[in-house]
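Per-entry structural report
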Amino acid sequence: MHQNFIGGEWVQGARTSRNINPSDTRDVIGEYAQADAAQARQAIAAAHAAQAAWGVSTPQQRFDVLDAAGSEILARKAELGDLLAREEGKTLPEAIGEVVRAGNIFKFFAGEALRAAGDLLASVRPGVGVEVTREPVGVVGLITPWNFPIAIPAWKIAPALAHGNTVVFKPADLVPGSAWALADILSRSGLPAGVFNLVMGRGSEVGAVLLDDTRVNAISFTGSVPTGQRVAAACVARMAKFQLEMGGKNPFVVLDDADLNVAVGAAVNSGFFSTGQRCTASSRVIVTEGIHDRFVAAMAEKMKTLKVDDARKAGTDIGPVVDEKQLAQNLEYVGIGKNEGARLVAGGEAIPTNVDGQPGFFMAPALFSETTPGMRINTEEIFGPVVSVQRAKNYDEALHLANDTPFGLASGIATTSLKHATHFKRHAQAGMVMVNLPTAGVDYHVPFGGRKGSSYGPREQGRYAAEFFTTVKTAYTQA
Ligand code: UN1
């Protein structure tokens, strides 16, 4: 039994939930505690009580904790990666890569704790000095999705602690294993009791308490648009600080002058790897006339070589969809695309068992061509391995189509033209722009986030994380 971690103690939940392997639904990974509202409030009380002391802890204390956690994560990357692949369904190399990313994030923020600095200015008044410093926000509630079970928790928890906040962490229901493993590591990292708390449980109970309890000063959320809107409404109602990372309908533009291999490689990676379950995935590929047919044919060829199988098996390119509900939604969108008149070039069907007869949520990645901008498969986030190709007359039309979306997380282009690459970097309406690279798979030390309907609030990761996890103070002193 995997328990919740509150006030420095492991505690039973009100209920338990079962963690299932999507590559083999007969495989039960474990039983995990589920908190109720009362237990969520206990975690908030513990974080609240621990905040004053942790808020004035030394940079060295914070460095030691974060560095120790980062070292343990990196040392156990094979084992933690295996657990992640088993519960979430991304392939083992992807899962190990994610664990390494999480370890590196802890190392980065260990350094950030030491580098915390402010500004010293002369006042406009004689004899007066001005100091600008950053202080912790207080108690932060962190609500994370299932698709990056360790990296997203890491990129919220590490900066929160580095900047002196205390944490109540609510991971996604579908992936408690990685969250619990991370909590176990943090429980042994030298943190004072109550600074970090894990409350596994339902969004409707634990999440709701985090949103409404006035002792929680800030919420950082990654997940769906409708839930993000609920987070925003609840936080505005009580003037809590919030940061949202939500959906995407990221475009990838392929121009006539692109290197075809680079374009296909990037489109396959960002469309289908991690089973398309990344908010940075590109689900709309916008291709100019001169290369369109060659590109679609090359994508279809490449897709024939992709092995859909158990996430932990050597040679698997694409693991299962995370659960039955998500699989049903993906298949529904394939049907919607066909009904809308798009041409299904490849894939799109469920694969009930893998070659070894394991029952799992497998699906052949789907490619649509001859799609138009208004189709639902081009406007709604599917969050699965479904990619649609749109034709564009030229670069200008491609850029227009790329930007013609309520989302704005990532935007990519394949081109060998310096002129178009430069123009695209400047005019893509997105928080992140990739040239000749997949839109998904980002560095851990630079800002992450989007604009328009994809994100709200300050950027995550890197030095920019301080914007959310601190509050600025301006102090005046008359000498
Ligand atoms: C990546 O593409 O490397 O939920 C990261 C997501 C994003 C993270 C993507 N917040 O998919």
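Rules and cut-offs
- Residues numbered from 1 in each chain as written.
- Predicted model: local features only at pLDDT ≥ 70, side-chain atom pairs only at ≥ 80, totals over all residues.
- Heavy atoms only, no water.
- Axes fitted to C-alpha atoms, helices over the stretch in contact; angles between N-to-C directions.
- Helix = DSSP H or I, 4+ residues; strand = E, 2+ residues; numbered from the N terminus.
- Parallel < 35°, antiparallel > 145°, perpendicular 65-115°, else oblique.
- Contact = heavy atoms within 4.5 Å.
- Nonpolar A, V, L, I, M, F, W, Y, C, P; charged D, E, K, R; others polar.
- Buried < 20%, exposed > 50% of the residue type's maximum accessible area, 1.4 Å probe, protein only.
- Polar contact = N/O pair within 3.5 Å; in protein donor to acceptor, adjacent residues only side chain to side chain.
- Pairing = 2+ DSSP bridges.
- Core = buried A, V, L, I, M, F, W, Y, C linked by side-chain atoms within 4.5 Å.
- UniProt positions renumbered as here; feature names shortened; annotations may be inferred.
- Near = heavy atom within 4 Å.
- Areas by Shrake-Rupley, 256 points an atom, 1.4 Å probe, with all protein chains shown as cover.
- Salt bridge = Lys/Arg side-chain N within 4 Å of Asp/Glu carboxyl O.
- Phe/Tyr/Trp six-rings, centres within 6.5 Å; stacked < 30°, edge-to-face > 60°.
- Lys NZ or Arg CZ within 6 Å of the ring centre and 35° of its normal.

Across the interface, helix α4 (residues 92-115) lies against helix α5 (residues 151-162) with an axial gap of 9 Å and an inter-helix angle of 10°. Here α4 is positioned roughly parallel relative to α5, judged by the angle of their axes. Contact with α4, carried on its side by Glu 98, Arg 101, Ala 102, Ile 105, Phe 106, Phe 109 and Ala 113, involves Ala 151, Ala 154, Trp 155, Ile 157, Ala 158, Pro 159 and Ala 162 of α5 and no other residues of that element. Within the contact of α4 with α5, the residues separate by chemical class into 12 nonpolar, no polar and 2 charged.

This part covers the side chain of Asn 403. Examined against the element boundaries, Asn 403 turns out to sit in helix α13 (residues 395-403). For Asn 403, a relative accessible area of 14% gives the class buried. Only 2.8 Å separates the side chain of Asn 403 from the backbone nitrogen of Gln 429, close enough to count as a polar contact. In this structure Asn 403 touches His 427, Ala 428, Gln 429 and Lys 452, once residues within four positions along its chain are discounted.

The next point concerns the sheet that holds strand β22 (residues 470-478). Read across the open sheet, the 3 strands follow the order β5-β6-β22; overall the sheet is antiparallel. Edge positions in the sheet fall to β5 (119-122) and β22, since each of these pairs with one other strand and no more. Direction aside, neighbouring strands of the sheet carry axes that sit 20° apart on average. Alignment of β5 against strand β6 (residues 128-136), held across 4 bridges, turns out to be antiparallel. Of the residues in β6, the one forming a bridge with Ala 122 is Gly 129.

The subject of this paragraph is the sheet that holds strand β18 (residues 386-392). In space, the 7 strands of this open sheet follow the order β14-β17-β18-β13-β12-β19-β20, with mixed pairing throughout. Edge positions in the sheet fall to β14 (343-346) and β20 (432-435), since each has one partner strand and no second. When the angles between neighbouring strand axes are averaged without regard to direction, this sheet yields 25°. Pairing of strand β17 (residues 366-371) with β18, which is carried by 4 bridges, proceeds in the parallel orientation. Bridge pairing links Ala 366 to Val 386 in β18. Its contacts with the sheet put helix α11 (residues 324-339) on β14, β17 and β18, and the angle it makes with β17 is roughly 25°.

Looking now at the nonpolar core. Within the largest apolar cluster, 67 residues are counted, with the highest numbers of intra-cluster contacts made by Phe 106, Ile 157, Leu 161, Leu 186 and Phe 196. Aside from chain neighbours lying at most four places away, what touches Leu 161 is Trp 54, Arg 62, Leu 66, Val 167, Leu 186, Leu 191 and Val 195. Judged by nonpolar contacts, the second largest core, of 26 residues, contains Ala 43, Ala 47, Val 139 and Leu 211.

With that settled, consider the UniProt feature "domain: Aldehyde dehydrogenase" (unreviewed entry) in the chain. Following the UniProt record, one finds the feature "domain: Aldehyde dehydrogenase" (unreviewed entry) at residues 10-474. Across residues 10-474 one finds 41% helix and 24% strand; the C-alpha atoms that close the span lie 40 Å apart.

Quick look at the UniProt feature "active site" (unreviewed entry) in the chain now. Feature annotation in UniProt places "active site" (unreviewed entry) on Glu 245, given in this structure's numbering. Take Glu 245: it is sitting in strand β11 (residues 241-245). Filtering out sequence-adjacent residues up to four positions away, Glu 245 remains in contact with Phe 221, Thr 222, Gly 223, Leu 409, Phe 448, Gly 449, Gly 450, Ser 454, Ser 455 and Glu 460.

Across residues other than glycine, the phi torsion is negative in most instances, and most of the peptide bonds are trans. For Thr 275, which is not a glycine, the phi torsion comes out positive at approximately 55°. The residue Thr 275 is located in the loop between α9 (260-272) and β13 (282-288) in this model. The exposure class of Thr 275 is buried, given its relative accessible area of 1%. Look at Glu 370: it is not a glycine, yet its phi comes out positive at around 55°. As for its placement among the helices and strands, Glu 370 is situated in strand β17.

What surrounds the ligand is the set Arg 101, Asn 147, Phe 148, Ile 152, Trp 155, Arg 278, Cys 279, Thr 280, Ala 440, Gly 441, Val 442 and Phe 448. Between Asn 147 and the ligand, the recorded distance is 2.9 Å, taken from a side-chain N or O atom to an oxygen atom. Burial of the ligand by the surrounding chains reaches 99%, relative to a free accessible area of 320 Å². Of the residues contributing to the shell around the ligand, the split by class is 7 nonpolar, 3 polar and 2 charged.

Let us now look at α13. All buried positions along α13 are accounted for by Tyr 395, Ala 398, Leu 399, Leu 401, Ala 402 and Asn 403. The elements touched by buried residues of α13 are β12 (250-254), β13, β18, β19 (410-414) and α14 (418-427). Near the N-terminus of α13, the side chain that reaches the backbone nitrogen of Asp 396, with its oxygen 3.3 Å away, is that of Asn 394.

Topologically, Gly 341 is positioned in the loop between α11 and β14. C-alpha separation for the pair Gly 341 and Asn 197, spaced 144 residues apart in sequence, amounts to 50 Å. When sequence neighbours within four positions are dropped, the list of residues in contact with Gly 341 reads Glu 370 and Met 375.

When you line up the elements, Gly 265 lands in helix α9. Here the alpha-carbon distance between Gly 265 and Ile 96, two residues 169 residues apart in the chain, equals 21 Å.

Below, the discussion takes up the pattern of salt bridges. Applying the stated criterion to the full structure yields 26 salt bridges. Where Arg 26 meets Asp 24, a salt bridge forms, and the shortest distance between an N and an O atom there is 2.9 Å. Given a relative accessible area of 11%, Asp 24 falls into the buried group. Linking Lys 313 and Asp 309 is a salt bridge whose minimum nitrogen-to-oxygen distance equals 2.7 Å. On the basis of relative accessibility, which here comes to 29%, the residue Lys 313 falls in the partly exposed class. The buried category is assigned to Asp 309, whose relative accessible area is 6%. One continuous salt-bridge network, built from bridges that share partners, spans Glu 72, Arg 76, Glu 79, Asp 184 and Arg 188.

On to the packing of aromatic side chains. Going through the model one piece at a time under the given rule, you end up with 8 aromatic pairs. Where Phe 169 meets Phe 196, the ring centres are 6.2 Å apart and the plane angle is 40°; that geometry is what we call tilted. A residue pair is termed long-range when its members are at least 10 positions apart, and Phe 169 in strand β8 (residues 166-170) and Phe 196 in strand β9 (residues 196-198) qualify at 27 residues. As far as the burial class goes, Phe 169 and Phe 196 line up, both buried. In this structure, Arg 62 is placed above the aromatic ring of Trp 54, and the distance from its NZ or CZ to the ring centre is 5.9 Å. Between the NZ or CZ atom of Arg 115 and the centre of the ring of Phe 108, over which it lies, the distance is 5.7 Å.

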